[in-house]
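The primary structure of each chain is shown beneath.
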Amino acid sequence: AKKQAPGGVAFYSEKEAREVLSRWRLTEELERACEQKEFVLFFQPRVDLFNRRISSFEALLRWRHPQKGIISPGKFISVLEDTGLITKVGRWVVKESALFLKKLLPKHSEISISFNVSMKQFQDNHLLKVLEETLREVSIPPEWLEVEITESLFFEAGAQASEILKNINNLGLKIAIDDFGTGYSSFAYLKKIPAESLKIDYSFVKGIPEDREDASVVMAIVAMARNLGKKIVAEGVERREQLAFLMGLGVDEVQGYYFARPMPGDQALSFLESFNPD
Ligand code: C2E
Ligand code: CA
Ligand code: CA
Ligand code: CA
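The structure reproduced in this document is the subject of the present report. Please read all numbers here as calculations on a predicted model, not as lab measurements. (Residues numbered from 1 in each chain as written. Chains lettered and ligands numbered in written order. Predicted model: local features only at pLDDT ≥ 70, side-chain atom pairs only at ≥ 80, totals over all residues. Heavy atoms only, no water.)

**As for the coordination of the calcium ion (ligand 3)**
Which entries qualify depends on this criterion: Because water is not among the atoms used, a metal site may look incomplete, as its donors are only the N, O and S atoms within 2.8 Å, or 3.2 Å for Na, K and Ca. Labels follow the DSSP assignment, with helices taken as runs of H or I lasting at least four residues and strands as runs of E lasting at least two, numbered in each case from the N terminus. To sort residues, take the accessible area from a 1.4 Å probe on protein chains only and compare it with the maximum for the residue type: under 20% means buried, over 50% means exposed, and anything in between is partly exposed.
Looking at the calcium ion (ligand 3), the protein donor atoms are Asp179 (OD), Asp201 (OD), Glu235 (OE) and Glu235 (OE), and they sit 2.0 to 3.0 Å from it. Considered as a linear motif, the donors of the calcium ion (ligand 3) on their single chain read D-x21-D-x33-E. A separation of 5.4 Å is found between the calcium ion (ligand 3) and the calcium ion (ligand 2). One end of the pair, aspartate 179, is in strand β6 (residues 174–180); the other, aspartate 201, is in the loop between β7 (197–200) and α8 (202–205), and 22 residues separate them in sequence. Since its relative accessible area comes to 25%, aspartate 179 is described here as partly exposed. Accessibility expressed as a relative area gives 10% for aspartate 201, which makes it buried.

Right, dumping it as structure tokens:
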């Protein structure tokens with residue numbers, strides 16, 4: 001958890017001091033990582049349960065640390081956000097995603113690529129500018145790019161948010177609501193967002209079908225999403241029983257270790273070719 005010194009004079013416990021120091025070190029390392037281009041994107045497939053084909057890949061950020069190897073975003077995203085480095089890395093994520101789509105296009109014209117964004121990228125219309133720039137530089141059909149936006153991000157961005165989402169949508173990109181169920185969405189606001197799909201958060205998928213509460217939450221989300229005409233995606237599917245339950249509910253797409261872990265681009269491409277044979 002993030003620790004913040006109380007306003008004014010800061011007293012650090014030994015543990016807090018260690019945390020602050022390690023964050024400093026991490027910040028320095030991340031600045032270097034940006035310069036040295038140590039970031040890579042991994043791609044995880046999303047499987048369409050109706051035609052049993054891969055319909056898209058989610059781009060997930062990784063840090064290829066020269067000594068420590070591959071590091072997951074949970075370890076460093078918050079530092080990128082706090083230091084503002086996220087705008088630079090975020091722009092790179094958008095471009096790399098677009099380039100991967102471009103690479104797939106000649107042979108696989110109906111696969112989309114989704115990517116994640118942070119609140120910070122919403123400021124000063126930064127994301128919108130990056131998207132426009134990317135579409136100019138990498139000529140691709142925009143409808144095969146999808147932005148994943150968390151519910152909480154939407155709330156933090158306030159009134160600005162729906163305007164930005166509308167603009168993204170006008171550019172032709174698709175929008176997915178990520179981590180669905182963990183935020184504060186109401187029916188009313190969901191109706192207003194031009195989102196095409198809802199991603200049911202991993203935390204609810206985890207316990208199905210055995211856990212009664214998880215099962216009812218998932219059923220309620222599916223019913224609501226269907227009512228709103230949204231495509232329903234379940235994330236974090238690891239077991240056959242989870243898959244069977246989700247199929248029974250008519251969930252459209254699933255993503256999770258059951259099918260594949262996130263993997264480097266070239267591996268994702270060969271996975272796709274063996275999964276969606278022509
Ligand atoms: P997310 O968008 O909810 O992504 C799903 C996370 O669940 C990924 O973690 C993925 O590797 C993991 N996952 C997928 N299938 C399974 C499964 O079956 N079981 C389990 N236990 N986990 C599964 P990852 O890659 O570590 O990313 C964590 C979070 O970091 C993401 O959560 C997203 O919020 C953020 N993130 C990742 N890439 C980016 C990025 O480029 N930009 C920004 N702003 N955030 C990113
Ligand atoms: Ca996501
Ligand atoms: Ca999630
Ligand atoms: Ca998340």
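**Here we look at the pattern of salt bridges**
Convention followed: We count a salt bridge whenever a side-chain nitrogen from Lys or Arg sits within 4 Å of a carboxyl oxygen from Asp or Glu.
Within this structure, the stated rule accounts for 18 salt bridges. In this structure, aspartate 82 engages arginine 23 in a salt bridge whose closest nitrogen and oxygen atoms are separated by 2.6 Å. You can see aspartate 82 sitting in helix α2 (residues 77–83) and its partner arginine 23 sitting in helix α1 (residues 14–35), a full 59 residues away along the chain. Taken together, the shared-partner salt bridges in this structure form one network comprising Arg46, Glu58, Glu146, Glu148, Lys199, Lys231 and Glu253.

**Some words on unusual backbone geometry**
Geometrically, the link from isoleucine 208 to proline 209 is a cis peptide bond, its omega value of 0 degrees lying close to zero. Mapped onto the elements of the fold, proline 209 is located in the loop between α8 and α9 (212–227). Even without glycine at this site, lysine 37 takes up a positive phi of about 55 degrees. Locating lysine 37 in the fold gives a position in the loop between α1 and β1 (39–48). At arginine 52, a residue that is not glycine, the phi angle is positive and equals roughly 55 degrees. Considering the arrangement of structural elements, one finds arginine 52 in the loop between β1 and β2 (53–65). Overall, the relative accessible area of 58% leaves arginine 52 in the exposed class.

**Concerning the layout of surface pockets**
Heads up, the rule is: A pocket, in this scheme, is an open set of points on a 1 Å grid over the protein atoms alone with protein on both sides within 12 Å along at least 5 of 7 lines, while a cavity is a set where a 1.4 Å probe fits but cannot get out; residues line either one if an atom lies within 4 Å of a point. Grid points are joined across faces, edges and corners, and a volume is the space filled by probe spheres set on the points. All residues other than Ala, Val, Leu, Ile, Met, Phe, Trp, Tyr, Cys, Pro, Asp, Glu, Lys and Arg, Gly among them, are scored as polar; the first ten of these are nonpolar and the last four charged.
Taken as a whole, the largest pocket encloses approximately 1000 Å³ of empty space. Residue assignment for the lining of the largest pocket shows that the elements contributing at least two residues are β1, β2, α2, α3 (85–104), β5 (145–150), α5 (151–156) and β6. At five residues, the largest contribution of residues to the lining of the largest pocket is made by β2. For the lining of the largest pocket, the per-class residue count stands at 15 nonpolar, 12 polar and 10 charged.

Everything listed here is a matter of geometry and, on its own, says nothing about what the molecule does.
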